[in-house]
Amino acid sequence: MIISKRLHKLIADQEGWTRRMFEEGIKIKKLYGEDNVYDFSLGNPDIEPPEDLQKTLADTLAHPQRGMHRYMTNSGYEDVRREIAEYLHELYGLPFNSSQIFMTTGCAGGLNILLKSILNKGDEVLVPSPFFWEFKNYIENHGGAIKLVRSKEDFQLDIGQIERAITAKTKVVLLNSPNNPTGAVYNEKSLKGLAGLLKQKRREGQEIYIIADDAYRKIVYNGIKLPNLFRLYDLVMAVTSHSKDLALPGERIGYIAISPRIKERDLLVSALMISMRTLGFVNAPALFQRVVGKFQRTSVSIEDYQKKRDALYEILMEAGFECVKPMGAFYMFPKSPIPDELEFIRTLQREERIMVVPGRGFGKKGYFRIAYCVPFEAILKSRDGFIRIGKKFIKR
Amino acid sequence: MGISKSISKSMKDSSWIRAMFEEGEKLKKQLGPENILDFTLGNPVAEPPDKLKEELVHIASSKIKGMHRYMTNSGYEEVRADIAKFYEERSSLPFTKDHIIMTVGAAGGINVALKALLDPGNEVIVPNPFFVEFRFYIENHGGSIRLVDTQEDFHLDIEKIEKAINRKTKAIIINSPHNPTGVVYNEKELKDLAELLRKRREKGQRIFILADEAYRKIIYNGTVLPDLFNIYEDTLVITCHSKDLALPGERIGHIAASPHIKNLRPLLDAMIFANRILGFINAPALMQRLVQKFQRNSVDIMDYQRKRDAIYRILVESGFNVTKPLGAFYIFPESPIPDDIQFVRTLQQHQILAVPGIGFGKPGYFRLAYCVEMDVIERSEKYFKDIIPNIR
């Protein structure tokens, strides 16, 4: 075979249904026209970056500085890291400084260099499930093993399950809150429970890190606040990007924040430098580093997302679906009315031209994910379809 | 702290680089950075072409809807189509957008290609001296590097390559113009290499050429880079705009896969998949649009050639044994004493910073990156001339 066997297997594992769905989707779009298809399958927000940011970008380029497109140190521009550290200091009340911030090629890039820097072959990473499937690939890229831990019915952490899943090989717990695909925001109580558990392990001589994928951090609803994980536990590294909050996914810009409470953080930074270089990222894109420094306190309109969530949630309730109301991100994860969610969503796609992703793509059969980062009108227009499919499948 | 063992090892192995770097930094502080002649970094002082800067302003203020969103993982179709046209013109082969994958620089591209190709235990041949990052890229994905010494003039030693090939060999990385030597491989040696690889192919073993062409436009005296696509079928060309358009910090490049590759689709799919799961996802969106129209442009090559001529003259007149580079912006002279680390320390005492050959797998040599201001090269003359008479 011409390609790597490992990769071939990975592709084959995922290709079956994704490819089939994708191709059916294209067919349906051709048949009915893009405007008559409701595509809720992609986490690619249909919004533009904030006006101010677009202006700053244009200004930065209109007044070019010498050397602004050159390499810089692998961790990114010092002044940008300082701006971010100041913001995090303010946000978390801990003494962050520029040396604890590492600019990355988006969140996916950040997670890969972190995992490469800390995992040894066979180390286990605990991931609450349902989960963002790419985590598995990221972990396995660097010789680690993913260990899924089922979340509770409401998608909050199940501390008992996590405790039972920890082994001598456990090195990391990887959290994603607000969560893709469920929209759950882990509450203070469950995070405290987790921190307590990990502290206990620490007393027994095992250091377990929390890596927090904070990509959706600013997209939370009803004024709830994310618990301060850096306060609850010391061995925390948070990875975030500006793909969602500043609507810059294509530009690949994010950063890692290393807790000031990690004693050997300088060593970790040296390791990250090597991983950043050798994995081929080298440095986060220069231009967008400069741009995002000033926009740490900014985000796209959260109100708009909340309106979309409310509208969609109402439609699903009216149609009779069972669904946990999401408190963040822009995903909803309802239960499929029939056990085989693949069959359900193919019917949904064929009969109502509504495209969603089956739960098995997130390690949870019997559910499906709706990404509602689409125009508000698309949500309203999909109403009739959801109601009809509800009548067809859901017994009242 | 739980740093991975392999990273700890890399850190230890490269500790001398850090030590040297720190000595250099100390010197800069002591004497003032303007008094230090730093030839260590491949970070060109050149600025992108003015036309490119204007285009960048234009694109950024044009507010194309969705211009900062995700696109398909392989990159914008229209960008890839334009790049394909460039290759079609160059090689007269039927390149289409499907043969092009936009990447996060050449370093990203090489990682993606290796991830797609390698199984644990596979070997990748690299002519030595070599850009040491290749070792990491290969080992990242479970492969092992097989170094093969080049000839005295840094051209390929085909016999040694033949001996190094075995059943586990999956690829050979060709970097021309070359870092650190500045050598440009000629058509004959590449054809000999191709013939050699074809022999294996007839026995059912496919060995890919990964051509790192990051420096392909920085080439002197009208030298023409042989077109590998017309020399060998299983060729992937990987390049970036870090050098030719002076955009290294923006991380933009691409992979071009030969239309001759049999059963190409699974390889393309694997590379696109690798681009995703390695965390690149896609090449930076704005920069993709920017480089679309600049495939035929580059920074001022004559400027680099003048610098090459100046540094080469200085070294020769100073009594160094050195091969004249035909491309890139590196020169790789022999160290006048066998211990290149010791020699680079001596250079430091003369305010000159260089990288010892051991950093490129070749002790007894040192590398100068001459992508610096002309003034730095000129000022180095009296120091270089002073060294050899006083060294022994």
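None of these values were measured; they are calculated from a predicted model.

## So, the overall build of chain B
Here is step 1 of the chain: On a plain count of helices and strands, chain B comes out with 13 helices and twelve strands.
Here is step 2 of the chain: Each principal axis of the C-alpha atoms in chain B carries an extent, and together these give about 60 × 55 × 55 Å.
Here is step 3 of the chain: When each of the 392 residues of chain B is scored for burial, the buried share is 49%.
Here is step 4 of the chain: A separation threshold of at least 6 residues defines the contact pool for chain B, and within that pool the share at least 24 residues apart is 74%.

## Side note on the overall build of chain A
Here is step 1 of the chain: In terms of helices and strands, chain A carries 14 helices and twelve strands.
Here is step 2 of the chain: Taken over C-alpha atoms, the radius of gyration comes to 21 Å for chain A, in line with the 21 Å a tight globule of 396 residues would show.
Here is step 3 of the chain: Principal-axis analysis of the C-alpha atoms places the extent of chain A at approximately 60 × 55 × 55 Å.
Here is step 4 of the chain: The buried share among the 396 residues of chain A stands at 52%.

## Some details on the interface of chain B and chain A
Here is step 1 of the chain: Counting residues at the interface gives 59 residues for chain B and 59 residues for chain A.
Here is step 2 of the chain: Looking at the side of chain B that touches chain A, the elements that each hand over two or more residues are helix H1 (5-13), helix H3 (50-60), helix H5 (105-117), helix H6 (133-140), helix H9 (264-277) and helix H10 (285-291) of chain B.
Here is step 3 of the chain: It is H5(B) that contributes the most residues to the side of chain B that touches chain A, eight residues altogether.
Here is step 4 of the chain: A per-class count over the side of chain B that touches chain A returns 33 nonpolar, 14 polar and twelve charged.

## A short note on the nonpolar core
Here is step 1 of the chain: Formed by 239 residues in total, the largest nonpolar core has its most connected members in A:Ile210, A:Tyr372, B:Ala113, B:Ala116, B:Leu210 and B:Tyr370.
Here is step 2 of the chain: Of the residues forming this core, the biggest block, eight residues, is contributed by H5(B).
Here is step 3 of the chain: Ignoring sequence-local partners within four residues, the contact set of A:Ile210 consists of A:Val173, A:Leu175, A:Leu229, A:Tyr233, A:Leu235 and A:Val236.

## Observations regarding H3(B)
Here is step 1 of the chain: Taken together, the buried positions of H3(B) are B:Leu52, B:Leu56 and B:Ala60. Summarising the axial view, the buried residues of H3(B) lie within an arc of 65 degrees, below the 170-degree limit, and thus occupy one face. Facing away from the buried side of H3(B) by more than 90 degrees, the exposed set consists of B:Asp50, B:Lys51, B:Glu54 and B:His58.
Here is step 2 of the chain: Structurally, H3(B) contributes buried residues whose contacts are with helix H2 (51-62) of chain A together with H10 of chain B.

## Considering the sheet that holds strand S9 (residues 331-332) of chain A
Residues and elements named next belong to chain A.
Here is step 1 of the chain: Spatial strand order, S9-S12-S11: three strands in an open sheet with antiparallel pairing. With partners counted over all chains shown, the strands left at the sheet margins are S9 and strand S11 (357-358), one partner each.
Here is step 2 of the chain: Taken together, the two bridges between S11 and strand S12 (residues 368-371) define a ladder with antiparallel strand orientation. Along S12, the bridge assignment pairs Pro-358 with Phe-368.

## What to know about the packing of helix H4 (residues 106-118) of chain A against helix H9 (residues 265-278) of chain A
Helix-helix packing: each pair is described by the crossing angle between the helix axes and the interaxial distance.
Residue and element names in this part refer to chain A.
Here is step 1 of the chain: In contact at an axis separation of 9 Å, H4 and H9 are set at 115 degrees when each is read in the N-to-C sense. Here H4 runs over H9; the crossing is right-handed. Contacts between H4 and H9 pair Ile-113, Lys-116 and Ser-117 from the former with Leu-268, Ala-271, Leu-272, Ser-275 and Met-276 from the latter.
Here is step 2 of the chain: Here the residues of the contact of H4 with H9 sort into five nonpolar, two polar and one charged.

## Things to note about the domain arrangement of chain A
All names here are of chain A.
Here is step 1 of the chain: Segmentation of chain A into domains returns domain 1 (5-49 + 301-393) and domain 2 (71-295).
Here is step 2 of the chain: Centre-to-centre separation of domain 1 and domain 2, based on C-alpha positions: 27 Å.
Here is step 3 of the chain: Facing 26 residues of domain 1, the contacting portion of domain 2 comprises 28 residues.
Here is step 4 of the chain: For the side of domain 1 that touches domain 2, the elements supplying multiple residues, two or more each, are helix H11 (302-319) and S9.
Here is step 5 of the chain: The element best represented in the side of domain 1 that touches domain 2 is H11, accounting for four residues.
Here is step 6 of the chain: Of the residues belonging to the side of domain 1 that touches domain 2, the class tally is 15 nonpolar, seven polar and four charged.

## Notes on the domain arrangement of chain B
Residues and elements named next belong to chain B.
Here is step 1 of the chain: Each assigned domain of chain B is listed here: domain 1 (5-48 + 299-391) and domain 2 (51-291).
Here is step 2 of the chain: Each of domain 1 and domain 2 has a C-alpha centre, and these two points are 27 Å apart.
Here is step 3 of the chain: Of the residues lining the interface, 26 residues belong to domain 1; the matching set on domain 2 comes to 30 residues.
Here is step 4 of the chain: Broken down by element, the side of domain 1 that touches domain 2 gets its largest block of residues, four residues, from helix H11 (residues 301-317).
Here is step 5 of the chain: Residues belonging to the side of domain 1 that touches domain 2 are distributed by class as follows: 14 nonpolar, eight polar and four charged.

## Focus: the confidence of the model for chain B
Here is step 1 of the chain: Mean pLDDT over chain B: 95, with 99% of residues reaching 70 or higher.
Here is step 2 of the chain: Here the predicted complex scores 0.96 on pTM and 0.95 on ipTM.

## What about unusual backbone geometry?
Residues and elements named next belong to chain A.
Here is step 1 of the chain: Cis geometry marks the peptide bond from Ser-177 to Pro-178, where omega comes out at -5 degrees.
Here is step 2 of the chain: Locating Pro-178 in the fold gives a position in the loop between strand S5 (170-176) and helix H7 (188-203).
Here is step 3 of the chain: Even without being glycine, Arg-252 reaches a positive phi, approximately 60 degrees.
Here is step 4 of the chain: Its place among the elements puts Arg-252 in the loop between strand S7 (236-241) and strand S8 (254-258).
Here is step 5 of the chain: On the basis of neighbour counts, which here come to 30 C-beta atoms within 10 Å, the residue Arg-252 falls in the buried class.

## A few points about the sheet that holds strand S11 (residues 355-356) of chain B
All names here are of chain B.
Here is step 1 of the chain: Within the open sheet, the three strands sit side by side as S9-S12-S11. Their pairing is antiparallel. A single partner strand is all that each edge strand has here, and the edge strands are strand S9 (330-331) and S11.
Here is step 2 of the chain: As defined by bridge partners, S11 adjoins strand S12 (residues 366-369) across two bridges and the pair is classed as antiparallel. Along S12, the bridge assignment pairs Pro-356 with Phe-366.

## What to know about the pairing of S8(A)
Along any regular strand the residues' side chains alternate between the sheet's two faces.
Residue and element names in this part refer to chain A.
Here is step 1 of the chain: Counting buried positions along S8 gives five out of five residues, so the element sits mostly inside the fold.
Here is step 2 of the chain: Taking every second residue as pointing to the same face, both faces of S8 are buried, with Gly-254, Ile-256 and Ile-258 on one and Tyr-255 and Ala-257 on the other.
Here is step 3 of the chain: Relative to S8, strand S2 (residues 101-104) is paired through four bridges, and the arrangement is antiparallel. Within S8, the position partnered with Ile-101 by the bridge is Ala-257.
Here is step 4 of the chain: Across five bridges, the pairing between S7 and S8 is antiparallel. Residue pairing for S8: Met-237 is matched across the bridge by Ile-258.

Parameters and conventions
Residues numbered from 1 in each chain as written. Chains lettered and ligands numbered in written order. Predicted model: local features only at pLDDT ≥ 70, side-chain atom pairs only at ≥ 80, totals over all residues. Helix = DSSP H or I, 4+ residues; strand = E, 2+ residues; numbered from the N terminus. Buried ≥ 20, exposed ≤ 12 C-beta atoms within 10 Å, placed from the backbone. Contact = placed C-beta atoms within 7 Å. Rg over C-alpha atoms; globule rule 2.2 N^0.38 Å. Nonpolar A, V, L, I, M, F, W, Y, C, P; charged D, E, K, R; others polar. Core = buried A, V, L, I, M, F, W, Y, C linked by C-beta atoms within 7 Å. Arc of directions from axis to C-beta. Pairing = 2+ DSSP bridges. Axes fitted to C-alpha atoms, helices over the stretch in contact; angles between N-to-C directions. Left-handed = near helix turned anticlockwise from the far one by under 90°. Domains from an automatic or database assignment. pLDDT = per-residue confidence, 0-100.

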